[in-house]
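Here is what each chain is made of, one letter per residue.
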Amino acid sequence: VALARLGHKVAFLGKVGSKYNSPRVIQDLKKEKVDTSLIVRSKTGRTGYSIVLDSKKHDRTILAFKGSNNDLGFNEIKLKKLKTKWFYFSTMMGQSFRTLEKLADYASKNKIKIAFNISSYLAKKGKNYLKNILKKTSILVLNKEEAGLLAGKGKINALLKKLQKLGPKIVAITDGKNGVYAIQDNAIYYGNPHNVKIVETTGAGDAFASSFLSGIIRKNDIKFAIDLGMTNAES
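Residues numbered from 1 in each chain as written. Predicted model: local features only at pLDDT ≥ 70, side-chain atom pairs only at ≥ 80, totals over all residues. Heavy atoms only, no water.

(A) The arrangement of the sheet that holds strand S11 (residues 180-184) in detail. Strand order in this open sheet of 6 strands is S7-S8-S9-S10-S11-S12, and the pairing throughout is mixed. If you trace the sheet from one side to the other, it starts and ends with strand S7 (86-89) and strand S12 (187-191), each paired once. Averaged over all neighbouring strand pairs, the angle between strand axes comes to 15°, with direction disregarded. Judged from the 5 bridges that link them, strand S10 (residues 170-174) and S11 form a sheet pairing that is antiparallel. (Pairing = 2+ DSSP bridges. Helix = DSSP H or I, 4+ residues; strand = E, 2+ residues; numbered from the N terminus. Axes fitted to C-alpha atoms, helices over the stretch in contact; angles between N-to-C directions.)

Spelled out as structure tokens, the structure:
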């Protein structure tokens with residue numbers, strides 16, 4: 001949705017359930033001008049959803065139920081429709097992770113670039129678990145906690161270099177109110193956060209990652225990408 005709002009032509013590839021919530025999800029995506037023709041509908045499964053638990057201090061916990069989105073098989077994908085310049089990979093689990101690995105191979109063979117935004121679920125699995133995808137990834141975006149889980153303890157500059165050695169050409173690490181750090185080639189960049197009143201942080205990481213990718217697509221300029229990502233996350 002963020003990429004669509006930024007003016008890109010976008011389709012969603014994933015799996016939804018068989019009952020009431022699936023048409024609601026598809027309808028909402030269509031309203032946001034996201035192509036839904038690649039969505040796979042399960043015959044018996046359930047559509048994933050999340051419950052966000054918020055506190056007075058806005059330290060929130062998200063309980064995520066992935067539902068049918070864990071069950072996407074590579075054989076269910078309409079490969080002829082995958083005419084794209086970029087894949088944006090998010091956290092897929094179960095059978096869907098194996099599908100993600102096959103999609104990474106497909107991308108490599110068809111000159112499709114990959115942006116990978118992992119979560120702590122996948123970071124905890126370790127770099128060996130993710131190596132087949134990371135080797136084919138152009139942009140890796142994650143937060144400091146996830147970077148530590150994946151690359152071990154260390155300062156952010158060291159983490160950036162360790163993660164880049166796993167394959168990605170560009171790595172961006174977000175560190176909440178401390179800003180954003182990124183590496184491309186041997187140069188390290190820093191984005192300083194603006195003095196905005198924080199109302200709610202849910203989705204800020206997704207807003208940054210998608211807008212960072214948009215910046216690279218539009219101008220192939222990492223400084224512009226950081227600014228765009230931070231502006232959208234802060235808004």
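(B) Geometry of the pattern of salt bridges. Applying the stated criterion to the full structure yields 4 salt bridges. Lys-15 is paired through a salt bridge with Glu-76; the nearest N and O atoms lie 3.0 Å apart. Residue Lys-15 is found in strand S2 (residues 15-16), and its partner Glu-76 is found in the loop between strand S6 (61-67) and S7; the two are separated by 61 residues along the sequence. On the accessibility criterion, Lys-15 (11% relative accessible area) is buried. Of the residues examined, Glu-76 reaches a relative accessible area of 29% and is grouped as partly exposed. Where Arg-98 meets Glu-101, a salt bridge forms, and the shortest distance between an N and an O atom there is 2.9 Å. A residue pair is termed a helical-turn pair when its members lie 3 or 4 positions apart in one helix, as Arg-98 and Glu-101 do in helix H3 (residues 95-109) at 3 residues. For Arg-98, a relative accessible area of 41% corresponds to the partly exposed category. (Salt bridge = Lys/Arg side-chain N within 4 Å of Asp/Glu carboxyl O. Buried < 20%, exposed > 50% of the residue type's maximum accessible area, 1.4 Å probe, protein only.)

(C) Expanded view of helix H6 (residues 144-151). Of the positions making up H6, those classed as buried are Glu-146, Ala-147, Leu-150 and Ala-151. Looking down the long axis of H6, one finds its buried residues gathered within 110° of arc, a one-sided arrangement. On its buried face, H6 sits against helix H4 (120-123), helix H5 (127-134), strand S9 (139-143), helix H7 (156-164) and S10. For H6, the capping residue at the N-terminal end is Asn-143, with a side-chain oxygen 3.2 Å from the backbone nitrogen of Glu-145. After H6 finishes, the residue Gly-152 shows a positive phi value of roughly 90°. (Arc of directions from axis to C-beta. Contact = heavy atoms within 4.5 Å. Polar contact = N/O pair within 3.5 Å; in protein donor to acceptor, adjacent residues only side chain to side chain.)

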